[in-house]
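One letter stands for each residue in the lines below.
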Amino acid sequence: MKRRKLNKKVVDSTPHTISNTEYWSDDGQSEVTESGYDSESFALDEEHTFRLDAHSAVKTSTQESSFLLHLEKNLSDEEVESLCKKKWKYRWEVPSLDLSNCKWVGTGDCCLKTQDMLDSSTRDVKQSLYKHWLEVCKLYGGRDFPVSKHSSFFNIFNSYRDVLHCNKKPFYLKGHEEDSNIMDAYLMHSLNHIFRSIDLVKKNDTKVAKLQETAESELLIDDVVRDRGFTRPKVLILLPIRHIALRVVKRLIQLTPQASKVNVEFMDRFLEEFGYQEDEADLDNEELKLKIGNSKSQKISKPSDYEALFGGNSDDDFMIGIKFTRKSIRLYSDFYSSDMIVASPLALREKIDKVWAKKEEDFDYLSSIEVTIVDHADVIAMQNWEHLAVVLEQSNRMPSKQHGTDIMRIRKWQLDGHARFYRQTIVLGHYVNPDINSSFNNWCVNYQGKIKSVCETHKGVLRKVLPDLRQIYERFDVGSIADIDDIRLAHFINKVSSEKVFPKIKDSEEGGIMIFISSYFEFVRVRNFLKSQNASFCLLGDNTKPKDVSRARNWFIQGKHKIMLYTERLLFFRRYKIRGVRDLIIYSLPERKELYPEVVNMLEGANNSNMSCTALFSKLDWLRLERIVGTASARRMVTSDKPVFVLC
């Protein structure tokens, strides 16, 4: 049997260096061991953990924690082969008491064995964290942690299964309490995971030190503890913009026990870089004139949800490491010495691209991520979901270097290249779309299984549309998703339908025709078609510059161009309200249901006898359709023999 020799080391009270890793001595200064963890960063507690029951906090042994149960399992070859097939069957469902019209469904055995999610016997939390969270709940006037929504979602996250919850009401849509509860739960789960990881390493360091003192010159390799990955970062939180990152990190600091945050390093720098910044370049000329001309008003009026989401720093390129030392939280720590990385998908994608282009050495700090949290996935989808998909795909790859890690302490499943099967991925958002579903099915392959929330009924948003406005929905039939773009365009230009969509607007003399398009690729196809027809049109696309937006709006309202193309992404990120719209064609339904009444209500002010609204859809647009018209109406419109529907 292979044996590994352990050499005894004498540790004195002066600072010293081993393997290029800084140590702090027993005089109270900080210390980093060969493992990369701070010596005495947390009291190495054999402390009791608490189960989050609805009625009491019951002590249990640390050996029963879901943290250890999850990470200490070694998968068999048959289990790995089964996971690689990515075939998921949701076998159970449990009604959600916290979410109206929703239920939880999951793979494998049901981990929510009762309707009350608080009655779980395996959801545990460190005592120091638990006591602090009780104090935080009381301080902010909330309910006690064991009977709060914090606990309900914490229990779900602490199951260590992949979670997809895209039915939450975000803070910018008047869902501040619900959004904050879920954010608190995943931050608590992250802290619990990080603190347990550090405690486990420190405990094993002590065990190895005692073995070195008492054992003979050699020790069986099987007796050497395995408690880490290739690199230190364990938690990755992906967020769309700096304003949300500011909100998350500030709450993370609040939820950290006082003893572990005596000092928060570089907080001033963080507030400066992530705080509010107004950029007048984002305003078009018309808005800038209104802003300058009105000394009493500092901002042009925008919808309340826009102000709440983009009222702060909306930059989408950021990445910050966070490290927990003995008595402090260190922001902007080196990524390889961080416990947590908070980043935007764009920033990480740029890092990955630089490595591929050989401009940077590696992104191995993603090799040992054990918990990935994607919050506000719907906003990320409006940016570019491909960035996030690449990050998920490239996470948990075998590193290119050893990075000073003791290979004899690395878990076996890490060495076997199975880290992706142990990574828990939590995806949270306001709605789900095919891209989110695809990533959750293909890149989230946690051996524990999956849990996701399913909304059973949608009410729709038609009640928010102008009264007495006739909305004509035209269905086109499509066999597969590969053909949908071609058939949608063919329907628009009257090749596969008796309904006159483009011919009607081409012959219009009045103008005022807006074509609203969800996807940029669809936008390019329609733009190229209009060019081929020598149509009079102007563009409000994803990449249109503010000065060009102002020019196009003026041309449109003055009638110099009859047709305007307007993309959903530009509407979401800029919220330009267009005047002079008489005829609205929704080429593809918006992903975000709240934008539908906003764009349709741009018809306000037009002559009732002349204004019209036409929307194109297919059965493959089901997710969008039911969010807009409601589940019952969507089901009827998809299954009916008639292809045209009039909604008022």
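Residue numbers restart at each chain and count upward from 1, following the sequence in its written direction. Residues qualify for local features only when their pLDDT is at least 70, as the model is predicted, and side-chain atom pairs are given and counted only at 80 or more; totals for whole chains, interfaces and linings, by contrast, use all residues. Remark: hydrogens and water are excluded; side-chain values derive from all non-hydrogen atoms of the structure.

- Going by what an unreviewed UniProt entry lists, the protein chain is known as U3 small nucleolar RNA-associated protein 25 and is assigned to Linum tenue.
- UniProt positions are given in the numbering used here, feature names are shortened, and annotations may be inferred rather than shown by experiment. Turning to the protein chain, the UniProt record has this under Subcellular location (unreviewed entry): "Nucleus, Nucleolus".

A word on the overall build of the protein chain
- Broken down by element type, the protein chain carries 21 helices and 25 strands.
- A 1.4 Å probe rolled over the protein chains alone gives each residue an accessible area, and that area as a share of the maximum for its type sets the label: buried under 20%, exposed over 50%, partly exposed in between. Counting over 648 residues, the protein chain shows a buried share of 56%.
- Pairs of residues are marked as contacts when any of their non-hydrogen atoms sit within 4.5 Å. Partitioning the contacts of the protein chain with sequence separation of at least 6, the portion at a separation of at least 24 is 76%.
- To be clear on the numbers: accessible area is Shrake-Rupley with a 1.4 Å probe, and residue cover counts the displayed protein chains and nothing else. Just so you have it, the protein chain exposes about 29,400 Å², and 48% of that area is on carbon and sulfur atoms. Think of it this way: any DSSP run of H or I at least four residues long counts as a helix, any run of E at least two long counts as a strand, and we number them from the N terminus.

Topic: the sheet that holds strand β12 (residues 263–265)
- Between any two strands, at least two bridges found by DSSP are needed for them to pair. What the 11 strands build is an open sheet, ordered β6-β7-β18-β9-β17-β16-β11-β15-β13-β14-β12; its pairing is mixed. A strand with exactly one partner marks an edge of an open sheet, and here the two such strands are β6 (90–95) and β12. The sheet shows a mean angle of 15° between the axes of neighbouring strands, direction not considered.
- Strand direction decides the pairing type here: strand β11 (residues 235–238) and strand β15 (residues 340–343), joined by 4 bridges, are parallel. Bridged to I237 within β15 is V342. Helix axes are fitted only over the stretch in contact, all axes being lines through C-alpha atoms; the angle between N-to-C directions runs from 0 to 180 degrees.

Describing the sheet that holds strand β23 (residues 583–586)
- One open sheet accounts for 7 strands, arranged β21-β22-β20-β23-β24-β19-β25; its pairing is mixed. Each edge of the sheet is formed by a strand with only one pairing partner; in this case those strands are β21 (537–540) and β25 (644–647). Strand-to-strand twist in this sheet, taken as the mean axis angle between neighbours without regard to direction, amounts to 20°.
- In the sheet, strand β19 (residues 471–475) pairs with strand β24 (residues 612–617) via 5 bridges, with the strands oriented parallel. Residue Q471 lies in a different strand from β24, and its bridge partner there is C613.
- Packing of helix α14 (residues 484–492) onto the sheet brings it into contact with β19, β20 (513–517), β23 and β24, and relative to β24 it is tilted by some 150°.
- In the packing of helix α17 (residues 546–558) onto the sheet, the strands contacted are β20, β21 and β22 (563–567), and the crossing angle to β21 comes to about 145°.

Here we look at a positive patch on the surface
- Here a patch means residues that are over 30% exposed by relative accessible area and free of salt bridges, tied together within 9 Å if like-charged and within 5 Å if nonpolar (Val, Leu, Ile, Met, Phe, Trp, Tyr). A pair is scored as a salt bridge if a Lys or Arg side-chain nitrogen falls within 4 Å of a carboxyl oxygen belonging to Asp or Glu. We treat Lys and Arg as the positive residues and Asp and Glu as the negative residues; His and chain ends play no part in the count. To locate a charge, the coordinates of NZ of Lys, CZ of Arg, CG of Asp or CD of Glu are taken. Together, K169, K174, K459, R463 and K464 line one region of the surface with positive charge.
- In this structure, R463 sits in the loop between β18 (450–455) and β19.

Considering the nonpolar core
- Here, nonpolar core refers to any group of buried Ala, Val, Leu, Ile, Met, Phe, Trp, Tyr and Cys residues whose side-chain atoms link them within 4.5 Å. Ranked by internal contacts, the top residues of the largest apolar core, which has 123 residues, are F157, Y186, V342, Y473 and I578.
- Examining the composition of this core, we find that 11 residues originate from one element, helix α5 (residues 176–214), more than from any other.
- By size, the runner-up hydrophobic cluster in this structure holds 31 residues, among which are M319, F363, A381 and F440.

A few points about the pairing of β22
- With respect to burial, β22 is a largely interior element, 5 of its 5 residues being buried.
- Here β22 shows a buried face lined by I563, L565 and T567 and a second buried face lined by M564 and Y566.
- Here 5 bridges tie β20 to β22, and the two strands are oriented parallel to one another. In the strand pairing of β22, M514 is matched with M564.
- Bridge count between β21 and β22: 4 bridges; the pairing is parallel. In the strand pairing of β22, L539 is matched with L565.
- Chirality of the crossover, the property in question, places the unit of β21, α17 and β22 among those that are right-handed. By the criterion used throughout, a crossover qualifies as right-handed when its path from the first strand across the helix to the second strand runs clockwise, the strands pointing away from the viewer.

Observations regarding the state of the cysteines
- Defined by distance alone, a disulfide is two cysteine sulfur atoms within 2.5 Å. Within the structure shown, the criterion is met by 0 disulfides.
- Between C110, a cysteine without a disulfide, and C111, which holds the nearest cysteine sulfur, the sulfur-to-sulfur distance is 6.0 Å.
- We note that C455 lacks a disulfide partner, and the nearest cysteine sulfur, in C102, lies 4.2 Å from it.

Here we look at the packing of aromatic side chains
- Side-chain rings of Phe, Tyr and Trp, where Trp is taken by its six-membered ring, are said to pair if the distance between their centres is within 6.5 Å; with planes under 30 degrees apart they count as stacked, over 60 as edge-to-face, and otherwise as tilted. What the rule picks out here adds up to 23 aromatic pairs.
- The interplanar angle of 75° and the centroid separation of 5.7 Å between the aromatic rings of F274 and F318 together place this pair among those described as edge-to-face. Of this pair, F274 sits in helix α7 (residues 267–274) while F318 sits in the loop between α9 (304–310) and β13 (319–324), and the two are 44 residues apart along the sequence. Exposure class is identical for F274 and F318. Each is buried.
- These aromatic residues form a ring-pair network of at least three members: Y306, F310, F572 and F573.
- Only Lys NZ and Arg CZ are tested; either one counts as a charge over a ring when it is within 6 Å of the ring centre and within 35 degrees of the ring normal. Against the face of F274 rests R242, its NZ or CZ located 4.6 Å from the ring centre.
- Directly above the ring of Y332 sits R269, whose terminal nitrogen or CZ lies 3.7 Å from the centroid.

A look at the pattern of salt bridges
- Under the defined criterion, the tally for this structure stands at 36 salt bridges.
- Residue E79 pairs with K73 through a salt bridge whose shortest N-O separation is 3.4 Å.
- Owing to a relative accessible area of 29%, K73 belongs among the partly exposed residues under this scheme.
- Taking the shortest distance from any N to any O, the salt bridge between D486 and R525 comes out at 2.5 Å. Of the two residues, D486 is situated in helix α14 and R525 in helix α16 (residues 520–532); the sequence distance between them amounts to 39 residues.
- Connected via shared salt-bridge partners are K202, D205, D227, R228 and R409.

A closer look at the environment of T614
- Mapping T614 onto the fold places it in strand β24.
- Sequence separation between T614 and L584 is 30 residues; the distance between their C-alpha atoms is 6.3 Å.
- Excluding its chain neighbours within four sequence positions, the residues that come into contact with T614 are I472, E474, K504, L584, I585 and I586.

Overview of unusual backbone geometry
- Phi at N534 takes a positive value of approximately 55°, unusual for a residue other than glycine.
- Along the chain, the position of N534 falls in the loop between α16 and β21.
- What makes N534 exposed here is its relative accessible area of 70%.

Concerning the packing of α14 against α16
- Interaxial distance between α14 and α16 falls to 11 Å at its minimum, and their mutual angle equals 40°. Crossing geometry of α14 relative to α16 is assigned as right-handed. Where α14 approaches α16, its residues D485, D486, R488, L489 and F492 are matched on the opposing element by E522, R525, V526 and F529.
- Under the scheme applied here, ten amino acids are nonpolar (Ala, Val, Leu, Ile, Met, Phe, Trp, Tyr, Cys and Pro), four are charged (Asp, Glu, Lys and Arg), and all others, including Gly, are polar. Split into classes, the residues belonging to the contact of α14 with α16 amount to 4 nonpolar, no polar and 5 charged. The sense of a crossing depends on the near helix, which, turned anticlockwise from the far helix by less than a right angle, makes the crossing left-handed and, turned clockwise, makes it right-handed.

Digging into the packing of helix α3 (residues 127–139) against helix α6 (residues 242–255)
- It is at 9 Å that the axes of α3 and α6 come closest, and there the two elements cross at 115°. As summarised for this structure, α3 and α6 are arranged roughly perpendicular, according to the angle between their axes. Here H132, W133 and V136 of α3 come into contact with α6, specifically with R251, Q254 and L255.
- Looking at side-chain class alone, the contact of α3 with α6 contains 3 nonpolar, 2 polar and 1 charged residues. Oblique is the label for every angle not falling under 35 degrees (roughly parallel), over 145 degrees (roughly antiparallel), or within 65 to 115 degrees (roughly perpendicular).

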